[in-house]
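Examination of the molecular architecture
Okay, here's what each chain looks like letter by letter:
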Amino acid sequence: MGRRIVIGEEQEYARRLAVYLGRRLSADIHIHCFTDPDLLSDEEQADLYLLGEDFLERLTGICPSFPCENLLILGRVEGSGDFCRLESPAGLVPLIDEKLGCALNLQERPREDSRLIALYAPFSGLSLRDWIRPELRPGDLYLGFQDMGAGDGTYDMSRLCYYIHLHEEEILREMEGMVMRDEAGFFIDSPPWFFDFLGLTEEDYRWFFHILREDPTYGKIYVGLGNTAVPSLEFFQEFDRVVLLNLPGQEQIHSFCSRFVQAVTQRRVLLPEGIEVRDYAESGHRPAL
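Summary of the structure given here.

Reading the values: rules and limits
- Residues numbered from 1 in each chain as written.
- Predicted model: local features only at pLDDT ≥ 70, side-chain atom pairs only at ≥ 80, totals over all residues.
- Heavy atoms only, no water.
- Helix = DSSP H or I, 4+ residues; strand = E, 2+ residues; numbered from the N terminus.
- Buried < 20%, exposed > 50% of the residue type's maximum accessible area, 1.4 Å probe, protein only.
- Areas by Shrake-Rupley, 256 points an atom, 1.4 Å probe, with all protein chains shown as cover.
- Phe/Tyr/Trp six-rings, centres within 6.5 Å; stacked < 30°, edge-to-face > 60°.
- Axes fitted to C-alpha atoms, helices over the stretch in contact; angles between N-to-C directions.
- Parallel < 35°, antiparallel > 145°, perpendicular 65-115°, else oblique.
- Contact = heavy atoms within 4.5 Å.
- Nonpolar A, V, L, I, M, F, W, Y, C, P; charged D, E, K, R; others polar.
- Core = buried A, V, L, I, M, F, W, Y, C linked by side-chain atoms within 4.5 Å.
- Pairing = 2+ DSSP bridges.
- Arc of directions from axis to C-beta.
- Polar contact = N/O pair within 3.5 Å; in protein donor to acceptor, adjacent residues only side chain to side chain.

1. Describing the overall build of the chain
Scanning the chain from terminus to terminus reveals 10 helices and 12 strands. Buried positions account for 49% of the 289 residues belonging to the chain. Surface exposure of the chain reaches about 14,300 Å², of which carbon and sulfur atoms provide 49%.

Given below as structure tokens:
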């Protein structure tokens, strides 16, 4: 059934904290966020509550008999509460482990040999996150550098592109507030417009992918690429694996894939595992990458 942790805090902090803890606690821990004490008072009891001081004060006013056991108070200033929210949330993880009787299985994922994987689709409008979803494992990350067209997408990737171009030293910390989680893994979807990619250089990408490769937070990292986000053939040397997506029944796309593989061979672009050409399939019934 799993355990349940409830965060009661203002919306942005609660969301960022939930993403951070979700990457560091075992998969059977379910994290729920509340910003309104009225909604929480009617919920079934959780295994642990992480509540801000103001939130707890309002909650006890509504429900004086609210359980005070298995509670960690998130203080707003240093020295207040059980944990100060101004500090790094890394200090909160051992407190959670201790509060739940050292029963949490904190994840230590081994590094993958083929960890940074490019999914290159020379067409637009079809989501590569949907395509790779069946193969994502808990802890894996999908990054959408794909032109989806029609303005669909999330502005979180737009923000990430901005930080990549700046070579922001704290980019991994900034990503914590952008990364979303669902049952398939972690992701940042493609942006609404392709303009966000136009300001990024090959050096920008190389800098960012190096940081991702060295960070142990995630398992495999799948990077969904469209034509707008590919500065050169040599760009693909940054990846451990390159998967080129073909569109069945589209002769123009099929021809492009053939020419692409030929160009990589003629230019002697060195790729660790070569190029694997796969058909884009909605069903997801295909060999694992």
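2. Here we look at the packing of aromatic side chains
The tally for this structure, following the rule as stated, stands at 18 aromatic pairs. Ring centres of phenylalanine 208 and phenylalanine 209 lie 5.8 Å apart, and the angle between their planes is 45 degrees; this geometry places the pair in the tilted category. Classification of phenylalanine 208 as buried rests on a relative accessible area of 0%. Residues phenylalanine 256 and phenylalanine 260 carry aromatic rings whose centres are separated by 6.2 Å and whose planes lie at 25 degrees to one another, so their mutual orientation is stacked. Of this pair, phenylalanine 256 and phenylalanine 260 both sit in helix α10 (residues 251-266), 4 residues apart, roughly one helical turn. Grouping aromatic residues by their ring pairs yields a cluster made of Tyr120, Phe145, Phe197, Tyr205, Phe208, Phe209, Phe235, Phe236, Phe239, Phe256 and Phe260.

3. Observations concerning the packing of helix α6 (residues 155-166) against helix α9 (residues 202-214)
For the pair α6 and α9, interaxial distance at closest approach is 8 Å and the crossing angle is 100 degrees. As summarised for this structure, α6 and α9 are arranged roughly perpendicular, according to the angle between their axes. Between α6 and α9, the contacting residues are Leu160, Tyr163, Ile164 and His165 on the first element and Asp204, Trp207 and Phe208 on the second. Residues that form the contact of α6 with α9 fall into these classes: 5 nonpolar, 1 polar and 1 charged.

4. Some remarks on unusual backbone geometry
Notably, histidine 167 is not glycine yet its phi reads approximately 55 degrees, a positive angle. Taking the relative accessible area as the measure of exposure, histidine 167 reaches 27% and is therefore partly exposed.

5. As for the nonpolar core
In this structure, Leu143, Phe145, Phe208 and Leu225 are the most contacted members of the largest nonpolar core, which totals 60 residues. For this core, the leading source of residues is α9, giving 6 residues. Formed by 19 residues, the second largest nonpolar core is a distinct cluster that contains Ile7, Ala18, Leu74 and Phe83.

6. Remarks on the environment of glycine 125
With respect to the helices, strands and loops of the structure, glycine 125 is situated in the loop between β6 (116-120) and α5 (128-132). As for glycine 125 and aspartate 147, which are separated by 22 residues in sequence, their C-alpha atoms are 7.2 Å apart.

7. So, the pairing of strand β10 (residues 221-225)
The element β10 is largely enclosed, with a buried count of 5 among its 5 residues. Taking every second residue as pointing to the same face, both faces of β10 are buried, with Ile221, Val223 and Leu225 on one and Tyr222 and Gly224 on the other. For β6 and β10, the ladder comprises 5 bridges, and the chain directions are parallel. Paired with leucine 119 across the bridge in β10 is glycine 224.

8. Quick look at helix α3 (residues 53-62)
An α-helix turns once per 3.6 residues; consequently, residues spaced three or four apart project the same way. Among all positions in α3, only Phe55, Leu56 and Leu59 are buried. Relative to the axis of α3, the buried residues are bounded by an arc of 95 degrees and lie together on one face. Across from the buried face of α3, at angles greater than 90 degrees, the exposed residues are Glu57 and Gly61.

9. Some words on the sheet that holds β6
Taken in spatial order, the 7 strands make up an open sheet running β8-β9-β7-β10-β6-β11-β12, and their pairing is mixed. The sheet is open, and its two edges are formed by β8 (180-182) and β12 (275-279), each paired on a single side. Taken pair by pair, the neighbouring strands of this sheet meet at an average axis angle of 25 degrees, ignoring direction. Sheet analysis places β6 next to strand β11 (residues 241-246), joined by 4 bridges and oriented parallel. When the sheet's bridge partners are listed, isoleucine 117 is paired in β11 with arginine 241. Together, β7 (141-145) and β9 (185-188) form the strand contacts of α6, whose direction differs from that of β7 by roughly 85 degrees. Each of β6, β7 and β10 touches α9; the most contacted strand, β7, lies at about 170 degrees to it.

10. Focus: the side chain of asparagine 246
Structurally, asparagine 246 can be placed in strand β11. Side-chain polar atoms of asparagine 246 contact the side chain of histidine 254, separated by 3.2 Å.

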